[in-house]
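Fold and geometry: a report
The chain contents come next:
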Amino acid sequence: MDMPKNSFKQRLRQRQMQVGLFVGLANAYSMEILATAGFDWLLVDGEHAPNNPASVLAQLQAAAPYPVQLLVRPVNHDAALIKQYLDIGAQTLLVPMVDNAAQAQDLVRAVRYPPQGIRGVATSLARAAHWGGVKDYAMHANDEICLIVQIESRQGLANLDAIMAVDGVDAAFIGPADLAASMGYLGQSGQPEVTAAIEDALRRIAATGKAAGVFVTEPSLAKHYRECGASFIAVGGDTSLLRNAAVNLASSFRDSEAESGAVS
Ligand code: 3PY
Ligand code: MG
């Protein structure tokens, strides 16, 4: 068969708006539910959620029949771990905490086969290559991989232009929580100085001709960030959706019991 195309990367290039969700439940069955929900992309989080290559694999398989793209966030910049995620079929990686161009350059090398990079070759063992069934996988793989760097520190902002200039970096995604912490506003990503820094970063990324993304749950702020140049946004996370719905359901029944004078 021919090389599977990375439609997320294609739409990213065309700046088509893509709406996504962070997925931290680390479970294939709930991933499959989310895959039916209508998001353009779902991020399997291996940075803060208890994921590893085996659990990411199960989630890639669960979502495969549905028209949604899966992104994978590794816990760090480890080239060996990145190789495992690419081999099991992740085509788009969102890599956290990229602070300078040297790190970005190393990540580009980690996702590419030689001579441009250092990704190890074993297509007969790789789900991504259909275990040897994808015609010339090794020749086309570099083209279909999409590398997104996360900018989420003062240092990352200071080095933004140099990071974006690295050939092979396809897009940058702003992490408001870590950025706020780095700016001295731990837990206050809505702080005006932080949102101003995010706006500026989104504009600067878009001006480089590469795609900009951000995590934002507030609809009016999401609209504003889109106007600043964001073309892919994460609008929430599965863990929060589940917990908020559960808390609201429990409390709505407690409230109605109290209103009707029921004694528990
Ligand atoms: C952050 O906010 O720090 C993230 O990594 C996700 O948005
Ligand atoms: Mg972060």
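Note that the structure is a prediction, hence the values are computed from the model and not measured.

1. Quick notes on the packing of helix α4 (residues 79-87) against helix α5 (residues 101-111)
Two quantities define a packed helix pair, namely the angle between the helix axes and the distance between the axes. With their axes 9 Å apart at the nearest point, α4 and α5 run at an angle of 45° to one another. When the axes of α4 and α5 are compared, the pair comes out oblique. Crossing of α4 over α5 shows right-handed handedness. Packed against α4, whose contacting residues are Ala79, Ile82 and Leu86, the element α5 presents Leu107, Ala110 and Val111 at the interface.

2. Regarding the coordination of the magnesium ion (ligand 2)
At the metal site, the magnesium ion (ligand 2) is ligated by Glu152 (OE) and Asp178 (OD), and these contacts range over 2.0 to 2.1 Å. Of this pair, Glu152 sits in the loop between β5 (146-151) and α7 (154-158) while Asp178 sits in helix α9 (residues 176-182), and the two are 26 residues apart along the sequence.

3. Quick word on the side chain of Ser153
In this fold, Ser153 is placed in the loop between β5 and α7. A relative accessible area of 10% places Ser153 in the buried class. Only 2.7 Å separates the side chain of Ser153 from the side chain of Asp99, close enough to count as a polar contact. In contact with Ser153, other than residues within four places in its own chain, are Asp99, Leu179 and Ser182.

4. Quick notes on the packing of aromatic side chains
Scanning all chains against the criterion turns up seven aromatic pairs. Centre to centre, the rings of Phe8 and Trp41 are 6.2 Å apart; their planes meet at 75°, and the pair counts as edge-to-face. Residue Phe8 is found in helix α1 (residues 7-13), and its partner Trp41 is found in strand β2 (residues 41-45); the two are separated by 33 residues along the sequence. For Phe8, a relative accessible area of 0% corresponds to the buried category. An aromatic cluster of three or more residues is present, and its members are Phe8, Phe22, Trp41, Phe173, Phe215 and Phe232.

5. A word on the nonpolar core
Ranked by internal contacts, the top residues of the largest apolar core, which has 58 residues, are Leu42, Leu93, Ile174, Leu202 and Val214. Of all the elements, helix α10 (residues 192-207) adds the most residues to this core, at six residues. Core analysis: the next-biggest nonpolar cluster, separate from the first, contains 14 residues, Phe8, Phe22, Leu71 and Cys146 among them.

6. Describing the site of ligand 1
Phe22, Arg73, Gln150, Glu152, Phe173, Gly175, Pro176, Ala177, Asp178 and Phe215 make up every residue found near ligand 1. Between ligand 1 and the protein, one listed contact pairs an oxygen atom with a side-chain N or O atom of Glu152 at 3.0 Å. Contact with the protein chains covers 91% of the free accessible surface of ligand 1, which is 230 Å². Broken down by element, the residue count for the shell around ligand 1 peaks at three residues, all from α9. For the shell around ligand 1, a count of residues per class yields five nonpolar, two polar and three charged.

Criteria and cut-off values
- Residues numbered from 1 in each chain as written.
- Chains lettered and ligands numbered in written order.
- Predicted model: local features only at pLDDT ≥ 70, side-chain atom pairs only at ≥ 80, totals over all residues.
- Heavy atoms only, no water.
- Axes fitted to C-alpha atoms, helices over the stretch in contact; angles between N-to-C directions.
- Helix = DSSP H or I, 4+ residues; strand = E, 2+ residues; numbered from the N terminus.
- Parallel < 35°, antiparallel > 145°, perpendicular 65-115°, else oblique.
- Left-handed = near helix turned anticlockwise from the far one by under 90°.
- Contact = heavy atoms within 4.5 Å.
- Donors = N, O, S within 2.8 Å, 3.2 Å for Na, K, Ca; no water.
- Buried < 20%, exposed > 50% of the residue type's maximum accessible area, 1.4 Å probe, protein only.
- Polar contact = N/O pair within 3.5 Å; in protein donor to acceptor, adjacent residues only side chain to side chain.
- Phe/Tyr/Trp six-rings, centres within 6.5 Å; stacked < 30°, edge-to-face > 60°.
- Core = buried A, V, L, I, M, F, W, Y, C linked by side-chain atoms within 4.5 Å.
- Near = heavy atom within 4 Å.
- Areas by Shrake-Rupley, 256 points an atom, 1.4 Å probe, with all protein chains shown as cover.
- Nonpolar A, V, L, I, M, F, W, Y, C, P; charged D, E, K, R; others polar.

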